[in-house]
Protein chains: 2
Amino acid sequence: MKEIPANDPKLRSWVHVPAGSDFPIQNIPFGIFEKDSEKRVGIRIGDHVLDLNFLQHNGYFEGIELPRGIFRKAFLNEFLSLGKKLTSSIRNRVSELLQVGSPLETHGSVDVFLLAAELVQVCMPIEVGDYTDFYSSMQHAVNVGSMFRDPANALFPNWKHMPVGYHGRSSSVIESGVPIIRPQGQILSAEAERPAHGPTKQLDFELEMGFVTCGESVQGVPIKTEDAEKYIFGLVLLNDWSARDIQKWEYVPLGPFLSKSFATAISPWIVTLDALEPFRTEGPEQQPEVLPYLQYEGMKHFDIDLEVGITPKGTQERIVCRSNFKHLYWNMAQQLAHQTVNGCNVKSGDLYGSGTISGPDPGSYGSMLEISWGGTKPVMMKDGSERSFIQDGDTVKIRGFATRQDLKIGFGEVASEVLKPF
Amino acid sequence: MKEIPANDPKLRSWVHVPAGSDFPIQNIPFGIFEKDSEKRVGIRIGDHVLDLNFLQHNGYFEGIELPRGIFRKAFLNEFLSLGKKLTSSIRNRVSELLQVGSPLETHGSVDVFLLAAELVQVCMPIEVGDYTDFYSSMQHAVNVGSMFRDPANALFPNWKHMPVGYHGRSSSVIESGVPIIRPQGQILSAEAERPAHGPTKQLDFELEMGFVTCGESVQGVPIKTEDAEKYIFGLVLLNDWSARDIQKWEYVPLGPFLSKSFATAISPWIVTLDALEPFRTEGPEQQPEVLPYLQYEGMKHFDIDLEVGITPKGTQERIVCRSNFKHLYWNMAQQLAHQTVNGCNVKSGDLYGSGTISGPDPGSYGSMLEISWGGTKPVMMKDGSERSFIQDGDTVKIRGFATRQDLKIGFGEVASEVLKPF
């Protein structure tokens, strides 16, 4: 495990962190918030947001070479483009400043630079350049293949040879809290000869995580698995909203398009790969052996608990899925090596979704399609209503957190309420 | 036809325009060029580039409300975000300034703001937000379907109901002149049980055009066909580089991914939709009737001649395809209405590829896959060598121009040389 000063479980902050918080001093996730009608880079600690622009302006980043105004930006992209060595230095410095006894503790006027999280507007952290969505959970691929094709041949021949993926839509990636407008599109009903236009009847979530890249690679030059994590800044929770009926009619032969591009929601605080170091774990054995460019050394999977809850309007939440990021067959380093093996270049602020993270048992399936098994096994909500897919007025929340002994590193949540079409 | 002052065929410029030039005063395409290590917005006329930043700085855009420094940018995106009404005003004003007798003619020091095109570096015109690639030529879809599946059922059931498309990779969209590094990837040979890693043996061009959007639409609100052209700033030539062997193994079930994402090349001067007004033409009859959201009025296809030439290193060019943009089944307004029918939002600087534009006869097929019919009918080059696909050292050029009586509006070219992998 890499030794990272900011990760020391013994560190304590002068900022009050409630017990069980997702955001102890060992986390320090990065995001964008709005203050005085201006967007700025901040980090989250406990129930507060720390203004990094204030810290730079007041000389707290002395000794770290930073462009002026790098934290007075609408997105993290420029900061990420400085590369991982620098972004890691900033996280370690912020950790020092948040420790008991640091000069920041006695700076005075703490309200100026440390803001109550509930009082600030938290925004999209990145301007998404490219968004790729992988399909890296074997259980999910098997479930979908079994429902739509043949349980005996659920996986396509290429699945165990490569992290299959496709390009998604960047413009419609939104942050937690932005409502989802139920999408409309072409649907071919079972009994119909021709498609009809209307709102989807099979709106679904997909439980995913996404990683965000920092630095730029050169077009024409693949990234090796051993170098991939240098380009991975951190992770977010990701809900890859899907319309199954639209998907079914449109996706042959060029893949999912409008069934996905209406919205993809992410959690607003990017948890750094550095902060997740203590949670590395072994991945599954990969058989057949993968091609050399996909082979890797060490532990490149991460043990992160995930859950999904549905709250119909005015009622209580029902948890419908508990899964874990470690269930993925393909890890992030393999995904990035595959993405670039053809010379495709990576930029700062790209987003790479894992694909739906379904675990081995039905309670860990990561979409309503799988949970309700294509609508044949509806799920009971707390108010007694049933769900095969997501209804108008439902709020879907994904949460994620990694725990080990006395350490919890959390992601907060990505929450989206579904509204009927305008 | 819309009356646009800058389109008047009688206009003559004080800038010398060689006979047959793609860029008469009636064109005025926009692009980015580098001057004194600084990127700026320019337009092309004849063999010259006109510096719009100079014009703004010297008051020539008086009366048009423009942000300061809008033409001293690395990309056109911010200019495009001002919306089509404003971008059209700028084109009309530039036209006035280029006409014989305008004050600009006698400004003096013409070399400061009017530069020889061959002496300036022309750059990527836009920072591509999202790149969508459609599949809108019926002949192309029939050809591919006939080769890979069944000639009797070459078109998938959805093809005549919607402009099928998929998301492409934005980061690897490059301008004319940037070399293509032959991509590597997974290939499953006919005789093999497992895929192998290596350079593609089936590198191909795809003759396409792409349109670039201006303005932003609201997420959740579809764009109607009658409003779509308000969001279409202009067009470029587009070569959607493809690796057929990689594509064949990877594309089921999520569509083309690494077989395309290594490079997509565009011509550097964006020809405005305004300049193409005189070249509107009828589209094909669409049977079965399309759904209401895809119906349109008026002429929304454009008559633009296209050609592709291959030049093996050190030899002469052989033209392998002559096609026309009007051969598309689905027009741009339908493509944008379909893209947004689910509420997906459009941003300034998105790129939308038409899909390979194949005409009805073999001489108009827009890819080597079709021209050589899957490698069974190689094409003779000028040096006597044969091509089924593109070889290292080959330069592929796409050219496009619209002509009517005494008017020619051209796109220049998109040229790419293929290099072997590093």
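Residues numbered from 1 in each chain as written. Chains lettered and ligands numbered in written order. Predicted model: local features only at pLDDT ≥ 70, side-chain atom pairs only at ≥ 80, totals over all residues. Heavy atoms only, no water.

A. Summary view of the relation of the copies chain A and chain B. Rotating chain A by 180° about the axis while translating it 0.0 Å along that axis superimposes it on chain B, leaving an RMSD of 0.0 Å. One copy is carried onto the other by what is essentially a two-fold rotation axis. Measuring from the rotation axis to each C-alpha of chain A, the shortest distance belongs to A:Gly255, at 2.1 Å. Mapped onto chain B, 100% of the interface residues of chain A are again interface residues, and the two copies thus contact each other with one and the same surface. (Least-squares fit on C-alpha atoms with pLDDT ≥ 70 in both. Contact = heavy atoms within 4.5 Å.)

B. Structural view of the sheet that holds strand β21 (residues 318–324) of chain B. The five strands lie next to each other as β9-β26-β25-β20-β21 (chain B), forming an open sheet whose pairing is mixed. What marks the edges here is a single partner per strand, and that holds for β9 (180–181) and β21 of chain B. (Pairing = 2+ DSSP bridges. Helix = DSSP H or I, 4+ residues; strand = E, 2+ residues; numbered from the N terminus.)

C. Structural view of the interface of chain A and chain B. Each partner contributes to the interface: chain A provides 61 residues, whereas chain B provides 61 residues. Between chain A and chain B, a total of about 5600 Å² is buried, with carbon and sulfur atoms accounting for 60% of that surface. The shortest N-O distance in the salt bridge between A:Arg169 and B:Asp130 comes to 3.3 Å. The interface formed by chain A and chain B contains 32 residue pairs in polar contact (both at pLDDT 80 or more). Every element with two or more residues in the side of chain A that touches chain B is listed here: β6 (131–134), β7 (165–168), β10 (184–187), β11 (196–199), α7 (244–250) and α8 (332–340) of chain A. Ranked by the residues each element gives to the side of chain A that touches chain B, the list is headed by β7(A), at four residues. In terms of residue class, the side of chain A that touches chain B is made up of 32 nonpolar, 22 polar and seven charged. (Buried area = accessible area lost by both parts, 1.4 Å probe. Salt bridge = Lys/Arg side-chain N within 4 Å of Asp/Glu carboxyl O. Polar contact = N/O pair within 3.5 Å; in protein donor to acceptor, adjacent residues only side chain to side chain. Nonpolar A, V, L, I, M, F, W, Y, C, P; charged D, E, K, R; others polar.)

D. A look at the packing of aromatic side chains. Residue and element names in this part refer to chain B. Evaluated as defined, the whole model comprises 22 aromatic pairs over all chains. Measuring from centroid to centroid gives 4.7 Å for Phe54 and Phe113, while their planes differ by 20°, and the two rings are stacked. Separated by 59 residues along the polypeptide, Phe54 in helix α1 (residues 52–57) and Phe113 in helix α4 (residues 110–113) bring together distant segments of the chain. Judged on exposure class, the residue Phe54 and its partner Phe113 are both buried. Each ring, one from Phe71 and one from Phe79, has its centre 5.3 Å from the other, and the planes form 55°; the classification is tilted. Both residues of the pair, Phe71 and Phe79, count as buried. (Phe/Tyr/Trp six-rings, centres within 6.5 Å; stacked < 30°, edge-to-face > 60°. Buried < 20%, exposed > 50% of the residue type's maximum accessible area, 1.4 Å probe, protein only.)

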